[in-house]
Amino acid sequence: MPLYELVCISRAKMTQGSMKDLLKKSALTVLDRGGAVRGFVNIGREQMLPYRMKRHMEYHTHGSFWLMHYFSNPKTSQVLLDQLKLDARVIRCNVVKVTDKLSQMVNTSDNQ
């Protein structure tokens, strides 16, 4: 299974419980479809966006940036994106394929 990275911008002024629910929902979507979540990275809460963004009939100037690294098949990534784009707490999201195989991530040298 390839390694993917979900890059997400969510609303800036969310409660901790709402943010926790969003992260849990994203992880469970991957886990329920046979994938594995590697981890989450918080890039910053309530940061200014590079430009004003409109989502769900609202304009946003600030957002919370976070990443999720996970292993799954390509169909799971599309289901995750479709699910997050419908969520009112998410301003923007995108999935990036990091590597195809685990061996490309791990530095294996035969000189040892």
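For the structure, see preceding data.
Let me sum up the structure you'll find in this document. Residue numbers run consecutively from 1 along every chain, following the written order of its sequence. Whole-chain, interface and lining totals are the exception, using all residues; otherwise, since this is a predicted model, local features are given only for residues with pLDDT of at least 70 and side-chain atom pairs are given and counted only at 80 or more. With hydrogens and water set aside, each side-chain value is computed from the structure's full complement of heavy atoms.

**Details of the overall build of the protein chain**
A tally of regular secondary structure across the protein chain gives three helices and four strands. Exposure is judged per residue with a 1.4 Å probe applied to protein chains only, and the accessible area is read against the type maximum: over 50% gives exposed, under 20% gives buried, and values in between give partly exposed. Taking all 112 residues of the protein chain together, the buried fraction comes to 38%. A separation threshold of at least 6 residues defines the contact pool for the protein chain, and within that pool the share at least 24 residues apart is 77%. For the protein chain, the exposed surface amounts to about 7200 Å²; the carbon and sulfur share of it is 52%. Secondary structure elements follow DSSP: runs of H or I no shorter than four residues count as helices, runs of E no shorter than two count as strands, and numbering proceeds from the N terminus. Pairs of residues are marked as contacts when any of their non-hydrogen atoms sit within 4.5 Å. Throughout, the Shrake-Rupley method with a 1.4 Å probe supplies accessible areas, and for residues the shown protein chains are the sole cover considered.

**Focus: helix H1 (residues 16–32)**
Multiply 1.5 Å by the residue count of a helix minus one, and that product is the helix's expected span. Between its first and last C-alpha atoms H1 spans 24 Å; for 17 residues at 1.5 Å apiece the expected length is 24 Å, and the two agree. For H1, the set of buried residues is Met19, Leu22, Ser26, Ala27, Thr29 and Val30. Along the axis of H1, the buried residues cluster in a sector spanning 155°; they form a single face. Facing away from the buried surface of H1 by more than 90 degrees, the exposed residues are Gln16, Lys20, Lys24 and Asp32. Here, the arc refers to the directions that run from the helix axis to the C-beta atoms.

**Thoughts on the pairing of strand E2 (residues 36–55)**
Two strands pair if DSSP finds at least two bridges between them. Across twelve bridges, the pairing between E2 and strand E3 (residues 58–71) is antiparallel. Across the sheet, Val37 pairs through a bridge with Tyr70, a residue of E3. Where E2 folds back onto E3 in an antiparallel hairpin, the turn is made up of two residues, including His56, whose phi is positive at roughly 55°.

**Topic: the side chain of Asp87**
Tracing the backbone shows Asp87 in the loop between helix H2 (74–86) and strand E4 (90–99). Judged by relative accessible area, which is 8%, Asp87 ranks as buried. A distance of 3.4 Å separates the side chain of Asp87 from the side chain of Lys25, its partner in a polar contact. Side-chain polar atoms of Asp87 contact the side chain of Arg89, separated by 2.8 Å. With near-sequence residues (within four places) excluded, Asp87 lies in contact with Leu22, Lys25 and His56. Here a polar contact means two N or O atoms within 3.5 Å. Within protein one must be a hydrogen donor candidate and the other an acceptor candidate, and residues neighboring in sequence count only if both atoms are side-chain atoms.

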